[in-house]
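Report on the structure
Here is how the chains run, residue by residue.
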Amino acid sequence: MSVLEKVRPERPAAAAREPRVTDEEGRRVRPRELLWRYLLLLAVLALTTGPFLWQLATSLKGPTEDIYGSPPRLLPAHPTLHNYARVADTIPVWDYALNSLKVAAANVVTNCVGSALAGYALARLRYRGRRVTALVFVLAMLVPVEGIVIAQFTTMRELGLNNTLIGVVLPGAVGAMNVLLMRGAFRALPYEIEEAAYADGANAWQRFLRIALPSVKGTLAVVAIFAFMGAWDDFLWPLIVLSDPSKFTLTIGLNYLHGTFANDERLVAAGTIIAVAPLIALFACLQRYFFRGVGEGAVKG
């Protein structure tokens, strides 16, 4: 055996010890390309989380610390929760948060139930005008909210629902986008499953509740998150329909911090963190279902 033949078997072993990074398709990623990817991700992370971190740091700073220093300091020298207590002393923030929670919870229930029923009807049931109905939902997404807010206010006034939390919930009870999301999830399910249930004597309600709905939990979580965020962050419609301060939602109540204490950014930042915290908690609880919703409809063997 020659010297070259003795060396050749050692090359694959040496190559196997070298670190190798591949993408999702199995192709090798060069170190320089990998470095640029991480730099881009870090830049996006800074742009998305930077303002939130600055607000959090500002809410924890005392009255003697400079919040406009250059370069900005994200870590307070003497962290304090006094600003949060001042928010509760300035406005009834917990009463406003409770009102927002009622509106958001009702919006989640109505959107999940209504969107699931409407989405299943558009995806599975056979009736005349089904395609036209789906087109109407698509067109409804193109209408700006500002263009129909007067008609909504007039309708709530005729129904006697002005200055009520029900009047805040009703216009957004079922969102067109949520209906289309559920329609797409139900359409991705194989027909063979429901055909087997139909052969066994299951009616439409049984097929919906026992077969279709448990298979789209991910998309249902997406609808729940979107509905909660939309109701919790809504400012324009509650401002129009509500006039009693005891029924204000959190977004309207926090506006008083900007008007009365416009120069105290610490107080405004503390109120902002209070408003954002429930959204972070909700997403943390439903994130695994949220990411599953993208590929909803797959069948496990």
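Worth saying up front: this structure is predicted, and the values here are computed from it rather than measured.

Of the regular secondary structure elements, the protein holds 15 helices and zero strands. Here the protein holds 301 residues, and the buried ones make up 32% of them. When the accessible area of the protein is evaluated, it comes to approximately 19,200 Å², of which 64% is carbon and sulfur surface.

Scanning all chains against the criterion turns up two salt bridges. With its nearest N and O atoms 2.9 Å apart, the salt bridge here joins Arg-124 to Glu-194. In this pair, Arg-124 is assigned in the loop between α5 (93-123) and α6 (130-142) and Glu-194 in helix α10 (residues 191-199), connecting sequence segments 70 residues apart. A relative accessible area of 8% means that Arg-124 is categorised as buried. Owing to a relative accessible area of 9%, Glu-194 belongs among the buried residues under this scheme. A salt bridge links Glu-194 to Arg-207, with the shortest nitrogen-to-oxygen separation between them at 3.6 Å.

In the Ramachandran plot, Asn-163 falls in the positive-phi region, its phi being about 60 degrees despite a non-glycine side chain. In this structure, Asn-163 sits in the loop between α7 (145-158) and α8 (165-169).

The next thing to look at is the environment of Met-177. Mapping Met-177 onto the fold places it in helix α9 (residues 176-187). Once the C-alpha coordinates of Met-177 and Met-141 are considered, the two residues, 36 residues apart in sequence, prove to be 6.7 Å apart. With near-sequence residues (within four places) excluded, Met-177 lies in contact with Met-141 and Phe-226.

Attention shifts here to the packing of α9 against helix α12 (residues 217-233). Direction vectors running N to C along α9 and α12 enclose 170 degrees, while the axes themselves pass 10 Å from each other. What the angle tells us is that α9 and α12 run roughly antiparallel. Packed against α9, whose contacting residues are Met-177, Asn-178, Leu-181, Met-182 and Ala-185, the element α12 presents Thr-219, Leu-220, Val-222, Val-223 and Phe-226 at the interface. Across the contact of α9 with α12, the residue classes break down as eight nonpolar, two polar and no charged.

Quick look at the layout of surface pockets now. Reported here for the largest pocket is a volume of approximately 790 Å³. Taken together, 26 residues make up the lining of the largest pocket; nearest its centre are Val-145, Pro-171, Gly-172, Val-174 and Gly-175. Element by element, the count of residues in the lining of the largest pocket is highest for α12, at four residues. Among the residues forming the lining of the largest pocket, the class breakdown is 18 nonpolar, seven polar and one charged.

A complete count under the given rule lists seven aromatic pairs for this structure. Where Phe-186 meets Phe-208, the ring centres are 6.1 Å apart and the plane angle is 55 degrees; that geometry is what we call tilted. One end of the pair, Phe-186, is in helix α9; the other, Phe-208, is in helix α11 (residues 204-212), with 22 residues separating them in the sequence. In this structure Phe-186 comes out as buried when scored by relative accessible area, which is 0%. Ring geometry for Phe-228 against Trp-232: centres 5.6 Å apart, planes inclined by 10 degrees, an arrangement best described as stacked. In this pair, Phe-228 and Trp-232 are both assigned in helix α12, four residues apart and thus about one turn of the helix distant. Across the pair, exposure class does not vary: Phe-228 and Trp-232 are buried alike. Clustering of aromatic rings is evident, with ring pairs tying together Tyr-120, Phe-186, Trp-205 and Phe-208.

If you look at the biggest cluster of nonpolar residues, it comprises 47 residues, and the most contacted ones within it are Val-87, Ile-91, Phe-186, Trp-232, Leu-250 and Leu-257. Ranked by the residues each element gives to this core, the list is headed by α5, at 10 residues.

A grouping of Leu-35, Trp-36, Leu-39, Leu-42 and Leu-45 is seen on the molecular surface, where their side chains present a nonpolar patch of about 550 Å² in accessible area. As for its placement among the helices and strands, Leu-39 is situated in helix α3 (residues 31-59). A relative accessible area of 42% means that Leu-39 is categorised as partly exposed.

Quick look at empty space enclosed by the protein now. All told, the structure shown has one cavity of 30 Å³ or more when counted by the stated rule. Its volume calculated, the largest cavity comes out at about 30 Å³. Around the largest cavity, the lining residues are Arg-124, Leu-189, Pro-190, Ile-193, Glu-194, Ile-211 and Ser-215. Class assignment of the residues belonging to the lining of the largest cavity gives a composition of four nonpolar, one polar and two charged.

The rules behind these values
Residues numbered from 1 in each chain as written. Predicted model: local features only at pLDDT ≥ 70, side-chain atom pairs only at ≥ 80, totals over all residues. Heavy atoms only, no water. Helix = DSSP H or I, 4+ residues; strand = E, 2+ residues; numbered from the N terminus. Buried < 20%, exposed > 50% of the residue type's maximum accessible area, 1.4 Å probe, protein only. Areas by Shrake-Rupley, 256 points an atom, 1.4 Å probe, with all protein chains shown as cover. Salt bridge = Lys/Arg side-chain N within 4 Å of Asp/Glu carboxyl O. Contact = heavy atoms within 4.5 Å. Axes fitted to C-alpha atoms, helices over the stretch in contact; angles between N-to-C directions. Parallel < 35°, antiparallel > 145°, perpendicular 65-115°, else oblique. Nonpolar A, V, L, I, M, F, W, Y, C, P; charged D, E, K, R; others polar. 1 Å grid on protein atoms, 1.4 Å probe; cavity = no way out; pocket = protein on both sides within 12 Å on 5 of 7 lines; lining within 4 Å. Points joined across faces, edges and corners; volume = space filled by probe spheres on them. Phe/Tyr/Trp six-rings, centres within 6.5 Å; stacked < 30°, edge-to-face > 60°. Core = buried A, V, L, I, M, F, W, Y, C linked by side-chain atoms within 4.5 Å. Patch = residues over 30% accessible without salt bridge, like charges linked within 9 Å, V, L, I, M, F, W, Y side chains within 5 Å.

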